[in-house]
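Examination of the molecular architecture
So you can see what is in the structure, the chains are spelled out below.
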Amino acid sequence: MSIQVVEGTLSAQDQADYQELDTVVREGMGAFIRVGEALLVIRERNLWAVEFDSWDDYCLARLDRTGRRSNQMIAASHAARVIESAGAIPPSNENQVRSIAGKSDQDIANTWQSAVDAYGSSPTGEQVANTSERLEESPPGDDDDSPDETVRRLVYGSKLSPIIQKMTTGEL
């Protein structure tokens, strides 16, 4: 990894933004939402280029993580903001939302809420991943039957259905 100082390539505002955002990244690893948001701006505006040859070089030097892993942190911070904006209790760490970070905003919110409903206010990353898998296996509409339709499907799908059918048609 080589660090290359490129003077004059950033405007005064970009330089000030970089210094502020880089400080957030270095000091706030525990605050993954803010770190992810800071990383997003640094990556998207190429602010890392003032000191580094590549995004990966920046991430390795500042975070001791690869660019790919840093991109995952960015996605997780987005997922956390989606959850917050949906009015739910936000995750307390990046691991909790890693498995759903690449999903649509609606899927993120729905999966998180389902995990909270099933496991409490702070589900683990594994519990969120399991919830996501369960929801993918049960597409929307599968559970949308009325109670009467659910009972009818259960009863007529059972071994009792011929007897019940005869009872409902008056044959018994």
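In short, a report on the structure. This structure is a prediction, so every number in the text was calculated from the model and none was measured.

A closer look at the packing of aromatic side chains
- This structure, assessed with the given rule, holds two aromatic pairs.
- Centre to centre, the rings of F52 and Y58 are 5.5 Å apart; their planes meet at 75°, and the pair counts as edge-to-face. Residues F52 and Y58 agree in their burial class; the two are buried.
- On the numbers, 5.9 Å between centres and 20° between planes, the contact of W55 with Y58 is stacked. In this pair, W55 and Y58 are both assigned in helix α3 (residues 55–63), three residues apart and thus about one turn of the helix distant.
- Feature note: the residues F52, W55 and Y58 constitute an aromatic cluster, connected by ring pairs.

What to know about the side chain of S70
- Its place among the elements puts S70 in helix α4 (residues 67–85).
- Given a relative accessible area of 0%, S70 falls into the buried group.
- Among residues more than four places away in sequence, those in contact with S70 are L39, W55, C59, L63 and R65.

Quick word on the environment of P123
- Assignment of secondary structure puts P123 in the loop between α5 (105–119) and α6 (125–137).
- When its relative accessible area of 0% is taken as the criterion, P123 is described as buried.
- The spatial distance from the C-alpha of P123 to the C-alpha of S92 is 9.7 Å, given a sequence separation of 31 residues.
- Excluding anything up to four places from it in sequence, P123 contacts Q96, W112, A115, V116 and V128.

What to know about the pattern of salt bridges
- Tallied over the entire structure, the rule returns ten salt bridges.
- Two residues, R43 and E44, come together in a salt bridge whose shortest N-O distance is 2.7 Å.
- For R98, the salt bridge is made with E94, and the minimal N-O distance between the two is 2.8 Å.
- The exposure class of E94 is buried, given its relative accessible area of 9%.
- In the salt-bridge network here, residues are joined through shared partners; they are D14, D17 and R45.

Rules and cut-offs
Residues numbered from 1 in each chain as written. Predicted model: local features only at pLDDT ≥ 70, side-chain atom pairs only at ≥ 80, totals over all residues. Heavy atoms only, no water. Phe/Tyr/Trp six-rings, centres within 6.5 Å; stacked < 30°, edge-to-face > 60°. Buried < 20%, exposed > 50% of the residue type's maximum accessible area, 1.4 Å probe, protein only. Helix = DSSP H or I, 4+ residues; strand = E, 2+ residues; numbered from the N terminus. Contact = heavy atoms within 4.5 Å. Salt bridge = Lys/Arg side-chain N within 4 Å of Asp/Glu carboxyl O.

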